[in-house]
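Chain by chain, the residues:
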Amino acid sequence: MTRETLLNALVLLALGLLPVWAHLSDEPFTITLATRAAILALAAVGLNIALGLGGLVSLGHALFFGIGGYAMGILASHAQDYTPIYDGAFTVPGTKSMPVIWLVAVAASAMAALLIGLLALRTAGVYFIMITLAFGQMAFFFAISWNAYGGEDGLSIYVRNSFPGLNTLVPIQFFGLCFGLLCLILLASHLLARSPFGLALNAARQSPDRVMAVGLDPKRLQLVAFVLSGAVTGLAGALFADLNRFVSPTMFSWQTSGEIMVFLILGGVARLCGPVIGAAVFVLLEHWLGGLSEFWHIWLGLLLLAVVLFARGGLVGLVAGRARAHD
């Protein structure tokens with residue numbers, strides 16, 4: 001067992017056991033913090049597929065995060081108001097079923113990623129970054145002007161959505177659901193990286209010309225990775241909206257894209273559990289230092305600067321060395 005494998009196991013074990021301790025100690029807020037960390041980690045895992053495997057630096061992943069959130073908000077708000085989303089030649093009702101909401105969120109985010117990827121992947125480098133940022137900001141301003149679903153004020157959902165066999169209003173049960181999805185997506189990400197597709201994508205990131213020489217299209221590989229990345233981030237957005245029972249245009253903002261990027265850089269780009277460690281550190285700093293000063297981001301910035309300068313592999317690389325989890 002390598003040091004990184006051991007570290008990954010310890011991180012997931014700690015994240016899984018902390019809410020159990022909090023539940024036994026009657027500390028529901030701690031469970032909520034752990035749930036928030038798990039959901040944000042899932043969003044960063046989505047970005048890690050595009051950036052860590054495909055080398056695609058995206059500053060527009062908040063677009064997919066917001067699409068997932070609004071998919072949940074729209075479906076749940078119509079269900080709680082007993083009004084259909086569409087009532088014409090056929091009827092499209094709202095729903096409070098989490099599996100249905102997740103399916104819609106993933107499908108909508110994947111479709112958006114496909115359309116954006118087809119355009120953005122015509123460019124590279126800083127131009128790709130700016131195009132993804134531009135799409136995210138367009139979605140942000142559209143959500144602000146979308147008065148049917150709260151506009152700038154956002155949209156509140158009064159009852160958490162349901163999952164068969166669980167009471168999702170119980171914090172420990174909702175955490176278990178989010179943590180289980182995180183573990184499943186981490187496993188899928190690990191298998192993807194070691195699959196023939198993952199190896200070809202990694203090769204396309206390092207040497208596109210050589211990949212083309214063996215008959216593969218690097219852009220097509222990157223497009224598939226971008227779509228998968230958007231789908232995972234969209235699922236995280238739906239869970240985040242369910243956690244807060246609220247959606248707002250801030251889910252689309254460039255600051256949200258930046259935060260997802262920060263999770264990845266802190267933990268370690270292309271590291272399996274880098275997103276988990278980065279999101280957990282962010283949530284802890286937000287909780288501990290946010291209560292002391294509204295300028296707690298200064299300390300986050302100093303930590304990020306130290307990681308970039310002295311721990312190029314992120315916090316995972318600092319502990320486990322230079323070997324990458326996906327290699």
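Just so it is clear, the structure is predicted and the values come from calculations on it, not from any experiment.

Examining a nonpolar patch on the surface
Thinking step 1. A contiguous nonpolar patch, built from Phe 295, Ile 298, Trp 299, Leu 302, Leu 305, Val 308, Leu 309 and Phe 310 and spanning about 910 Å² of accessible area, is present on the exposed surface.
Thinking step 2. Among the secondary structure elements, Phe 295 is positioned in the loop between helix H11 (274-290) and helix H12 (297-310).
Thinking step 3. Since its relative accessible area comes to 53%, Phe 295 is described here as exposed.

Some details on the environment of Phe 252
Thinking step 1. Position of Phe 252 relative to the elements: it lies in the loop between strand S4 (246-247) and helix H10 (254-267).
Thinking step 2. Here the alpha-carbon distance between Phe 252 and Asp 81, two residues 171 residues apart in the chain, equals 25 Å.
Thinking step 3. With residues up to four places along the chain from it excluded, the contact list for Phe 252 reads Ala 62, Leu 63, Gly 66, Ile 67, Tyr 70, Gly 136, Gln 137, Ala 139, Phe 140 and Ala 143.

Notes on the environment of Phe 240
Thinking step 1. Mapped onto the elements of the fold, Phe 240 is located in helix H9 (residues 218-244).
Thinking step 2. Residue Phe 240 is classed as buried on the basis of its relative accessible area of 12%.
Thinking step 3. Put simply, Phe 240 and Leu 318 are 78 residues apart on the chain and 30 Å apart in space, counted from C-alpha to C-alpha.
Thinking step 4. Those residues in contact with Phe 240 that lie beyond four places of it in its chain are Arg 36, Ile 39, Leu 40, Phe 65 and Met 251.

Description of the packing of aromatic side chains
Thinking step 1. According to the stated counting rule, one finds 13 aromatic pairs in the structure shown.
Thinking step 2. Three or more aromatic residues link up through ring pairs in this structure, and these residues are Tyr 70, Phe 142, Trp 146, Tyr 149 and Phe 252.
Thinking step 3. Geometry around Phe 174 places Arg 160 over its ring, the cationic atom sitting 4.4 Å from the centre.

Examining the pattern of salt bridges
Two side chains bearing opposite charge may form a pair once their charged atoms approach each other closely.
Thinking step 1. Taken as a whole, this structure holds two salt bridges when the rule is applied.
Thinking step 2. Of the charged contacts in the structure, one is a salt bridge between Glu 4 and Arg 271, with a shortest N-O distance of 2.6 Å. One end of the pair, Glu 4, is in helix H1 (residues 3-24); the other, Arg 271, is in the loop between H10 and H11, with 267 residues separating them in the sequence.
Thinking step 3. Under the relative-accessibility criterion, Glu 4 is labelled buried at 6%.
Thinking step 4. On the basis of relative accessibility, which here comes to 2%, the residue Arg 271 falls in the buried class.
Thinking step 5. Where Glu 286 meets Arg 36, a salt bridge forms, and the shortest distance between an N and an O atom there is 3.2 Å.

Concerning helix H2 (residues 28-53)
Thinking step 1. Here H2 is 26 residues long and its end C-alpha atoms lie 36 Å apart, about the 38 Å a rise of 1.5 Å per residue gives.
Thinking step 2. Counting buried residues in H2 gives 23 out of 26 residues, a clear majority hidden from the surface.
Thinking step 3. At the C-terminal side of H2, Gly 55 shows a positive phi close to 70 degrees.

Some thoughts on unusual backbone geometry
Thinking step 1. Unusually for a residue other than glycine, Arg 245 sits at a positive phi of about 50 degrees.
Thinking step 2. On the basis of relative accessibility, which here comes to 30%, the residue Arg 245 falls in the partly exposed class.

Examining the packing of H2 against H9
Thinking step 1. Closest axis-to-axis distance for the H2/H9 pair is 7 Å, and the angle between their directions is 165 degrees. Compared by their axis directions, H2 and H9 come out roughly antiparallel. Seen along the crossing, H2 lies across H9 with a hand that is left-handed. Here Thr 32, Thr 35, Arg 36, Ile 39, Leu 40, Leu 42, Ala 43, Gly 46, Leu 47, Ile 49 and Ala 50 of H2 lie close against H9, whose contacting residues are Ala 225, Phe 226, Leu 228, Ser 229, Val 232, Thr 233, Leu 235, Ala 236, Leu 239, Phe 240 and Leu 243.

Thresholds, definitions, all that
Residues numbered from 1 in each chain as written. Predicted model: local features only at pLDDT ≥ 70, side-chain atom pairs only at ≥ 80, totals over all residues. Heavy atoms only, no water. Patch = residues over 30% accessible without salt bridge, like charges linked within 9 Å, V, L, I, M, F, W, Y side chains within 5 Å. Areas by Shrake-Rupley, 256 points an atom, 1.4 Å probe, with all protein chains shown as cover. Salt bridge = Lys/Arg side-chain N within 4 Å of Asp/Glu carboxyl O. Helix = DSSP H or I, 4+ residues; strand = E, 2+ residues; numbered from the N terminus. Buried < 20%, exposed > 50% of the residue type's maximum accessible area, 1.4 Å probe, protein only. Contact = heavy atoms within 4.5 Å. Phe/Tyr/Trp six-rings, centres within 6.5 Å; stacked < 30°, edge-to-face > 60°. Lys NZ or Arg CZ within 6 Å of the ring centre and 35° of its normal. Expected span 1.5 Å × (residues − 1). Axes fitted to C-alpha atoms, helices over the stretch in contact; angles between N-to-C directions. Parallel < 35°, antiparallel > 145°, perpendicular 65-115°, else oblique. Left-handed = near helix turned anticlockwise from the far one by under 90°.

Function cannot be read off these values alone, since they describe shape.
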